[in-house]
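# Summary of the model geometry
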Protein chains: 2
Amino acid sequence: MAQLRIALAQMNSTVGDLAGNAESIRRYAAEARQAGAHLLAVPEMALTGYPVEDLALRGSFVQASRAALADLARALDAAGCGDLPVVVGYLDHGSAPAEPGPPKAAVSAPPKSRPQDAAAVLFRGGVLISSAKHHLPNYGVFDEYRYFASGNVLPVVRVRGVDVAIAICEDLWQDGGPVAACAEAGAGLLLSINASPYELNKDDVRYALLQCRAREAGCALAYVNMVGGQDELVFDGDSMVVDADGGLLARAGQFTEELVLVDLDLPAAAGAAEPGSVTDQPASNGMTIRRVPATVEAAEPYPAVPGVITPRVDDRAEVYAALVTGLRDYVRKNGFRTVVFGLSGGIDSALTAVISCDAIGPDNVYGVSLPSRYSSEHSKDDAAQLARNTGMHYEVLPIGNMVEAYLKTLADLGAPLTGVADENLQARVRGTALMALSNQRGHLVLAPGNKSELAVGYSTIYDAGSIGGYAPIKDVAKTLVWELARWRNAHALELGLTPPIPVNSIEKPPSAELRPDQKDSDSLPDYELLDQILDLYVEGDQGMAAIIERGFDPALVRRILGLIDRAEYKRRQFPPGTKISVKAFGRDRRLPITNRWQEG
Amino acid sequence: MAQLRIALAQMNSTVGDLAGNAESIRRYAAEARQAGAHLLAVPEMALTGYPVEDLALRGSFVQASRAALADLARALDAAGCGDLPVVVGYLDHGSAPAEPGPPKAAVSAPPKSRPQDAAAVLFRGGVLISSAKHHLPNYGVFDEYRYFASGNVLPVVRVRGVDVAIAICEDLWQDGGPVAACAEAGAGLLLSINASPYELNKDDVRYALLQCRAREAGCALAYVNMVGGQDELVFDGDSMVVDADGGLLARAGQFTEELVLVDLDLPAAAGAAEPGSVTDQPASNGMTIRRVPATVEAAEPYPAVPGVITPRVDDRAEVYAALVTGLRDYVRKNGFRTVVFGLSGGIDSALTAVISCDAIGPDNVYGVSLPSRYSSEHSKDDAAQLARNTGMHYEVLPIGNMVEAYLKTLADLGAPLTGVADENLQARVRGTALMALSNQRGHLVLAPGNKSELAVGYSTIYDAGSIGGYAPIKDVAKTLVWELARWRNAHALELGLTPPIPVNSIEKPPSAELRPDQKDSDSLPDYELLDQILDLYVEGDQGMAAIIERGFDPALVRRILGLIDRAEYKRRQFPPGTKISVKAFGRDRRLPITNRWQEG
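Residues numbered from 1 in each chain as written. Chains lettered and ligands numbered in written order. Predicted model: local features only at pLDDT ≥ 70, side-chain atom pairs only at ≥ 80, totals over all residues. Heavy atoms only, no water.

### Side note on the side chain of A:Lys478
To be explicit about the condition: Every helix listed is a DSSP run of H or I at least four residues long, and every strand listed is a run of E at least two residues long, numbered separately from the N terminus. The criterion used for residue contact is that any of the two residues' heavy atoms lie within 4.5 Å.
Note that A:Lys478 resides in helix 13 (residues 478–494). Once you skip the residues sitting within four places of it in the chain, A:Lys478 turns out to touch A:Ile347, A:Asp348, A:Asn450, A:Ser452, A:Pro510, A:Tyr527 and A:Asp531.

### Regarding the relation of the copies chain B and chain A
Note the following rule: Least squares is used to superpose the copies, and the fit set is the C-alpha atoms of residues whose pLDDT is at least 70 in both copies.
Mapping chain B onto chain A leaves a residual RMSD of 0.0 Å; the transformation is a rotation of 180° accompanied by 0.0 Å of translation along its axis. Here the transformation between the copies is reduced to the relation of a two-fold axis. Using C-alpha coordinates, one finds that chain B approaches the rotation axis most closely at B:Gln573, a distance of 2.1 Å. A share of 100% of the interface residues of chain B reappears at the interface of chain A, consistent with the copies meeting face to face through the same patch.

### Notes on the pattern of salt bridges
The cut-off we apply is this: A pairing counts as a salt bridge when a side-chain nitrogen of Lys or Arg comes within 4 Å of a carboxyl oxygen of Asp or Glu. We call a residue buried when its accessible area falls under 20% of the maximum for its residue type, exposed when it is over 50%, and partly exposed in between, using a 1.4 Å probe and counting protein chains only.
Overall, the coordinates contain 94 salt bridges over all chains when judged by the stated rule. One salt bridge connects A:Lys478 with A:Asp348, and the closest N-O pair in it is separated by 3.2 Å. Of this pair, A:Lys478 sits in helix 13 while A:Asp348 sits in helix 8 (residues 347–360), placing them 130 residues apart in sequence. The burial state of A:Lys478 is the same as that of A:Asp348; both residues are buried. Counted as one network, the salt bridges with shared partners bring together A:Glu53, A:Asp231, A:Glu232, A:Arg587, B:Glu568, B:Arg571 and B:Arg572.

### Topic: the sheet that holds strand 13 (residues 248–251) of chain A
Residues and elements named next belong to chain A. Stated precisely, the cut-off is as follows: We call two strands paired when DSSP finds no fewer than two bridges between them. Comment: axis = line fitted to C-alpha atoms, over the contacting stretch for helices; angle = value between 0 and 180 degrees taken between N-to-C directions.
Sheet architecture is open: eight strands sit in the order 13-12-9-8-7-6-16-15, paired in mixed fashion. Sheet topology places strand 13 and strand 15 (279–282) at the edges, where each strand pairs with a single neighbour. Averaged over neighbouring strand pairs, the angle between their axes works out to 20° when direction is ignored. Relative to strand 16 (residues 288–293), strand 15 runs antiparallel, the two being bridged by four bridges. Paired with Gln281 across the two strands is Ile289, which belongs to strand 16. Packed on one face of the sheet, helix 5 (residues 178–185) meets strand 6 (153–159), strand 7 (162–168), strand 8 (189–194), strand 15 and strand 16 and runs near 45° to strand 6.

### Re the packing of helix 5 (residues 178–185) of chain B against helix 6 (residues 202–217) of chain B
Residues and elements named next belong to chain B. How we decide: Note on angle classes: values under 35 degrees are labelled roughly parallel, values over 145 roughly antiparallel, values of 65 to 115 roughly perpendicular, and the remainder oblique. When residues are grouped by polarity, Ala, Val, Leu, Ile, Met, Phe, Trp, Tyr, Cys and Pro land in nonpolar, Asp, Glu, Lys and Arg in charged, and all others, Gly among them, in polar.
Two numbers describe how helix 5 lies on helix 6: the axes approach to 8 Å, and their chain directions differ by 40°. The orientation of helix 5 relative to helix 6 falls into the category oblique. Contacts between helix 5 and helix 6 pair Val179, Cys182 and Ala183 from the former with Arg213, Glu216 and Ala217 from the latter. Grouping the amino acids of the contact of helix 5 with helix 6 by side-chain chemistry returns four nonpolar, no polar and two charged.

### Topic: unusual backbone geometry
Residues other than glycine predominantly adopt negative phi, and peptide bonds predominantly adopt the trans conformation. A:Pro51 follows A:Tyr50 through a cis peptide bond whose omega is -5°. For A:Pro51, the location among the structural elements is in the loop between strand 2 (39–41) and helix 2 (59–81). Positive phi, close to 70°, is recorded for A:Tyr462, a residue that is not glycine. Of note, A:Tyr462 is situated in the loop between helix 12 (451–456) and helix 13. By relative accessible area, A:Tyr462 is classed as buried at 8%. For B:Glu513, which is not a glycine, the phi torsion comes out positive at approximately 50°. Examined against the element boundaries, B:Glu513 turns out to sit in the loop between helix 14 (503–507) and helix 15 (527–539). For B:Glu513, a relative accessible area of 14% puts it in the buried group.

### Overview of the interface of chain B and chain A
Stated formally: The quantity reported as buried area is the accessible area (1.4 Å probe) lost by two parts once they are put together, taken as the sum for both.
At the interface, 109 residues of chain B touch 110 residues of chain A. When chain B packs against chain A, close to 9000 Å² is buried across both sides, 55% of that on carbon and sulfur atoms. When the area that chain B buries against chain A is broken down by residue, the three leading residues are B:Arg58, B:Thr594 and B:Arg596, summing to 9%. Along the contact surface separating chain B from chain A lie ten salt bridges. Two residues, A:Arg58 and B:Glu599, come together in a salt bridge whose shortest N-O distance is 3.0 Å. Broken down by element, the side of chain B that touches chain A gets its largest block of residues, 14 residues, from helix 11 (residues 419–441) of chain B. Broken down by class, the residue content of the side of chain B that touches chain A amounts to 57 nonpolar, 24 polar and 28 charged.

### Digging into helix 8 of chain A
Applicable threshold: Multiplying 1.5 Å by the helix residue count minus one yields the expected span of that helix.
Spanning 14 residues, helix 8 of chain A covers 20 Å between terminal C-alpha atoms, matching the ideal 20 Å at 1.5 Å per step. Directly beyond the C-terminal end of helix 8 of chain A, a positive phi value near 90° is found at A:Gly361.

### Thoughts on the sheet that holds strand 8 (residues 189–194) of chain B
Residue and element names in this part refer to chain B. The strand order across the open sheet built from eight strands is 13-12-9-8-7-6-16-15, with neighbouring strands paired in mixed fashion. Only two strands of the sheet have a single neighbouring strand rather than two, namely strand 13 (248–251) and strand 15 (279–282). Across the sheet, the mean angle from the axis of one strand to that of its neighbour is 20°, orientation sign disregarded. The strands that helix 5 touches are strand 6 (153–159), strand 7 (162–168), strand 8, strand 15 and strand 16 (288–293); relative to strand 6, the one it contacts most, it runs at about 45°.

### Some words on the packing of helix 8 of chain A against helix 13 of chain A
All names here are of chain A. How we decide: Working rule for handedness: look at the near helix, and if it is turned counterclockwise from the far one by less than a right angle, call the crossing left-handed; if clockwise, right-handed.
The geometry of helix 8 relative to helix 13 is characterised by a closest axis approach of 10 Å and an angle of 50° between their N-to-C directions. Taken together, the axis directions place helix 8 and helix 13 in an arrangement best described as oblique. Our pair here, helix 8 against helix 13, has a crossing hand that is left-handed. Facing helix 8, whose interface residues are Ile347, Asp348, Leu351, Val354 and Asp358, helix 13 presents Lys478, Val481, Trp482, Leu484, Ala485 and Arg488.

### What to know about the pairing of strand 17 (residues 339–342) of chain A
All names here are of chain A. Heads up, the condition is: A clockwise path from the first strand over the helix to the second, with the strands pointing away from the viewer, defines a right-handed crossover.
A two-sided burial pattern is seen for strand 17, the buried positions comprising Val339 and Phe341 on one face and Val340 and Gly342 on the other. Across four bridges, the pairing between strand 17 and strand 18 (residues 365–369) is parallel. Of the residues in strand 18, the one forming a bridge with Gly342 is Val368. Tracing the backbone out of strand 17, into helix 8 and back to the parallel element strand 18 gives a crossover that is right-handed. As paired strands, strand 17 and strand 20 (residues 444–445) are joined by two bridges and run parallel to one another. Bridging across to strand 20, Val339 finds its partner in Leu444.

Below, the structure written as structure tokens:
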């Protein structure tokens, strides 16, 4: 057996910020070196950020990633970390280098060469070995066949007498490939670098997967994941180390940047490895096992420190943390400092407000009450109370005069507004007023629309619920909005603090208050029912017959499915927001707008 | 040799309208039968429409497509077309049937089974043979690895003594696969069914490709393509038949629904084919050649009619027709009848107006002048003149009172608007007013923004140029907007009609008129220069160094690339519009919003 102290950097990369990401890796390497680690791993594409989308197809970006990797290797060496093998995810060119030229093709065509989602081991100022992801995900939010060429090499690096095999993200999620080759290689540790986006329940599935793959690979498994937000995606970290039997040795927190240190007793590799040697061996599944030594030092005994297993939190706490992280990183990484949104006294904007305050601090959060003649007193009171509870900024901007000006002008034109057109006007005047405030002051506008509303189109396109740069609760169904609000208040009580959300905002029947005594329930079914059907149709992709079979009223199902289908055009123009469910609207669910298909 | 009269239905399918698409196919079959055709082909996915996107992943939809195919086979037989083999593109399940269940997976995962983009030969009331697309495109606007399993069978159907091989779309664009197997099968005709989206210059490439593939396959090649619009895509038709040497025998029009009839003298197949027999033969590239006879009738001589070769039109006429078709089908297929948009007197809204009038008739087109205190008299005159020239509706809705109401309310709040915030407010008040009109009257709102403006973010998000359901000239660069306007006027003159667009709208320096004497050139480089850089960066995906190497001013290039990168968030919320270029914003070019990468 040999002792190995490994370090996993659960870091937060920013897409395109090669210098900033490299600097973070340097800091983690210094910390790992200081802590006596023998090996450091950072996440998949940690150097470029993930996902880089079509930047992967731009030759200049691929070259910049390669150059940044070489610079990083030299910088690590210069900083005294040269003897620490550092496994770094980056973007590499594939078999044929992606040249800056040639000029554009006459018509759309597949790219002439494809880059690779690669892992390099940096050692003594250079790249010791590099390889590319074998299994490419191409479902859900992933489009990796669009970008990457698949790799076929399993690198096995001898570190202090232990053979460490390296795999990348999806390589663990699909059968065969690197895990099978790793077993065949007789590695002592399988190291997996990841950029695995958060979804509710994914942590449970992930842990079970690691246990299963460790047993298949026949060795311990170290898994390092990214944290932080990138547009719709948020990475939850949840880095883990399991032993060869699947026993949990260490587990990092979720949504936290941290360096995980674990001492492992691992089987020593047989035979000597000559420095500088590279040996290839074919695996029976067609991959190539490529062995290279990172160091010839023998393992020495040292006092091992126990791995830390961070306890899992409640599902609601987890979702809430995802929403806070997603918003915080959108604001921060896009250079904003403050946010603004309409504060109606209702539950959606209340939840948006507390998430915002937790993400960037109440002093950077601006809530604006935009009352119309239909706004109830209690709504205005609830909004003001929320602001007092949280310490966020609060202003009142009555929309009456602006609405009147439109009504008069349109009536003069011979088009007096009635019914829904009148209601929608109020909603859009709020949006326009918020955009004006944002323009004048440089706030990022937030759209507080929820998933249920977005699903059935129960929102006005370009209103204060739909406009802005980011939509924090876009993937949160209405029943979960209430749950999270209750959880956030209870959590405050646990900490001995004032619950931030007024009970009335949680308890009162939801209403857009666009006409006297309007209630959501005037035109929508009960949200409990709606969200169940939504879950089956959107997240489960069930057809109408299958949904009705579960006992729902056929007429209701038909109506809701029709509403969902017809609202696709609104969803296309909705701002991005944090994905928390198995299927978020946006890149996760891609349907045509022009679509005559009707279930049933 | 044997004579074969083939019919190609260049038809316009609607996504999801299985019954309507089947009815169109029945009509074409009756017409083909009437005309004495021996074989009819309709486009790829003609039964379901294309692209169906994530509908392909819904089991209920796959089952509905299969059921509609079986119904169509019976209906054709019942209508006396049973003896006419009809090649129909549809959606089939793959190796494992796509069941409606099971309920949603715990986390995102690849679908358990994948459907196929298939071609069936309907004959005597049933499906004689079916096969699936071999090469799946997964670049540009295509995501077919997300959806489909690849097929590996080349069907060869004996029709009146001629062996007809069938391929689907991308099968022709990539080397090897069905074309190679077709050569090996010694087929007399290669029939290719397509849903190939329009791009400028694609018709030239397509013709050259067909010549090349016919020679490779060693036989004549018949190519049938879809026409019509589907969200961002428009299919141009351009169906063709070439002989084994690549000589053009027939060519259909672009953007026209038509039935192409061609008489071919083709090599008779060797050996007899027993009715009902199916024989498989391995091709050397791993595909299976599957032979089946559709009929045992011998070819009989008949007076052949010459194929019609529709002449190609000028590039500008072609793009213009694409824009008209894209808009017309978006309006029609989504159940709208009328459109509305702001008519500023400028060139973008003028071009949008004439496209709209040509697409759906001037009586269904509503232009609204929304003058502010900065609007010049000539702008209002130009807008009115355009309306008179075209016969469209025209209204004037001054925005002054509405803008004042906002300014006063915001000043009262202590946030008086200045500079860009003041300019943007005017622009958004126009948007809100148009949405109100649309709500009241049921018009579809159009966004007249052009590609250059959308590229550099020279537009106000949610203003009258950016809101609405469809953006007809979204993929048209500003210099091409002018070219098309000039072409449209010249075309009117050629027909002896009044040129619709006032010369002043074309000639005057472009301006948003949001402050006194404002000109686009105050803040943007000359559009000629801008569009050249845009073309290299967006369509050509060139890095900054490569663009500067061509002789552009480095500071200018850096500035424009920065503007383009920073405007990504605006593009995400822009309505869909017709793709005409090799790379349109939207599904064609997918970049992160959160993106620190800077070229150079």
